[in-house]
Structure formats: structure tokens, C-alpha cells
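Chain residues, written in single-letter form:
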Amino acid sequence: MTTRILLVGCGKMGGALAQGWLRQGVAAADIVVVEPNPQPDLPQGVLQVGGAEAVPAAFAPDIVLLAVKPQVMDAVAPAYGRYAQAGACFLSVAAGKTVATLNRLLGGNAAIVRSIPNTPAAVAQGITACFAGAGVSEAQRQACDSLLQAVGEVVWVEREELIDSATAVSGSGPAYVFWLTECMAAAGAKLGLPPELAAQLARATVQGAGALMRQSPESPTQLRKNVTSPNGTTQAALDVLMAENGLEPLMTSAVAAADKRSRELAG
């Protein structure tokens, strides 16, 4: 079944999604991109226009993917309300914009799926949490799921407020991992390793551990135990990280702060 897609915004996330769809086999002619700054890396056949008014009248999208920044959504979304009235499903990747807010911007009675992908989508290793608003059909939900699978795993939550929790864990989560990598590299440099070597060791270790965790059937807990010899070097480090005031309470506080901010942005 052919799915016609109107992609509004083709920055890093929108571009990653578009490339993923094309790898999936979506025909270039079934994608129209609205982007004021044309993207040179999209293949020939994908029509790029500068604004909503330039979308061909004959193009009737099944999915309108809103991939603009949250701070401009209020100004951008109303121009696409006509597609809501024609029965298109809207898929938003904008943090903090609730289904109710988007529905109001689109003129009411819109079928809306709210989603939170993360930046590893750029290498098709992302994970996206989704919530389907009232009025989204099972076919539309499946279509959105399929489109998002082009850049990684897809999960669904049954209550919209859990999108904020997912944002705190996976949406913001890559930054936590990058900071962990920076801290490991800095700690290695303080021990006397050349900074470039310390950075290489830290980055490769995080990359390798992530790949092992993805591919192994064992839980992270078991993988941790596998590398921890009693009274060895890893145990010495974990005694610090797993102390009462160690990494767990710090991470709990950090994720809670992200969750709180996500709810504040949602109004």
C-alpha cells in the first residue's frame, strides 16, 4: 500500500527520517518536503518546496509529519489544518507539544500521533516512544509505526503523560551517555593518558558496550556482573559508582529533572 508523506521540516531529524523512508522503499515521488532551506542530499524525485502554500494541490498526504522545532510549531502548524479535515494523520516529533495543543492548532478533529525519537536515529539506531490520540485509526497507527521503524525501534505508551517520562529517559538520554564518555575520557587524562588516547578509549568502550548490550540476550545487570571480578579493578570502581550517593541517585535526579521540564514545556 502506498503511503504519501508530507514532511514539514527537514533538519537533522526530518532528514534522518526521510533518508530512512527511502531506504525502506518509499518512492521519492510519494514524499513532499516543506523546508525553507533546501536539502541537497535528498535524492532526485523528492519534491522540496519552501512553504505550505507551495505544496501541489494534487498532493493528498496520508501522513503529515511535523518535524519543526517546538518554538515555531504554533506559527507553522495552522497552515496544514486543511489536511486534517481531509483525513490525514499528523505525526509530531516536537517535544512538549501535546495532542490537545496540536489539535487546536490544526483546527480540531485531527488524528494526531505524538512521538519522541532520539538522535541515534541519524544512524538508524534510534528508539521512538509514541502516543496515539483519539481519532487515530489502527491503520494510521501502523503506518506511523512503520515510518518510524525506518530509524530504529518504536514503542507505544497508553497515557500521554508517559511521553514526558520517555523523553527524560530516551529522548534526552543520548546526552547523558555522551557526558559519561566525556567524563571517562577526562578521568583517564587525569591519570596520565594523553587526552586523545583517553578520548579514544572512552568512546570505543561506550560504543562497544552499547553494541554488546543491543546484541546480547543477557540483561545489563548480568553483563555488568560478567565483567566484574571479585575484588578486582572493576569492583573497585563500582564500589564508588554504586555507593549510596553514587550514580543511581544522581541519575534518578537527572531523569526526574528532565521529566519535570518536559511537563513544564507541555504546559
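Worth saying up front: this structure is predicted, and the values here are computed from it rather than measured.

### Some remarks on the packing of helix α6 (residues 162-171) against helix α11 (residues 247-265)
Logical step 1: Axis separation between α6 and α11 bottoms out at 8 Å; the angle between their running directions is 135 degrees. The pairing of α6 with α11 is recorded here as oblique in orientation. The handedness of the crossing between α6 and α11 comes out as right-handed. Contacts from Asp164, Ser165, Thr167, Ala168 and Val169 of α6 reach α11 at Val255, Ala258, Asp259, Ser262 and Arg263.

### What about the pattern of salt bridges?
Logical step 1: For the coordinates displayed, the defined rule picks out ten salt bridges.
Logical step 2: A salt bridge links Asp74 to Lys97; its shortest N-O distance comes to 2.9 Å. Taken together, the positions of Asp74 in helix α2 (residues 70-76) and Lys97 in the loop between β5 (89-92) and α4 (99-105) put the pair 23 residues apart, joining distant regions of the chain.
Logical step 3: For Asp74, a relative accessible area of 37% corresponds to the partly exposed category.

### Regarding the side chain of Thr181
Logical step 1: Inspection of the secondary structure assignment puts Thr181 in helix α7 (residues 173-190).
Logical step 2: The buried category is assigned to Thr181, whose relative accessible area is 15%.
Logical step 3: A distance of 2.8 Å separates a polar side-chain atom of Thr181 from the backbone oxygen of Val177.
Logical step 4: Discounting residues that sit within four places of it in the chain, Thr181 has contacts with Ala202, Arg203 and Val206.

Cut-offs and rules
Residues numbered from 1 in each chain as written. Predicted model: local features only at pLDDT ≥ 70, side-chain atom pairs only at ≥ 80, totals over all residues. Heavy atoms only, no water. Axes fitted to C-alpha atoms, helices over the stretch in contact; angles between N-to-C directions. Helix = DSSP H or I, 4+ residues; strand = E, 2+ residues; numbered from the N terminus. Parallel < 35°, antiparallel > 145°, perpendicular 65-115°, else oblique. Left-handed = near helix turned anticlockwise from the far one by under 90°. Contact = heavy atoms within 4.5 Å. Salt bridge = Lys/Arg side-chain N within 4 Å of Asp/Glu carboxyl O. Buried < 20%, exposed > 50% of the residue type's maximum accessible area, 1.4 Å probe, protein only. Polar contact = N/O pair within 3.5 Å; in protein donor to acceptor, adjacent residues only side chain to side chain.

Function-wise, these values are silent; they only describe arrangement.
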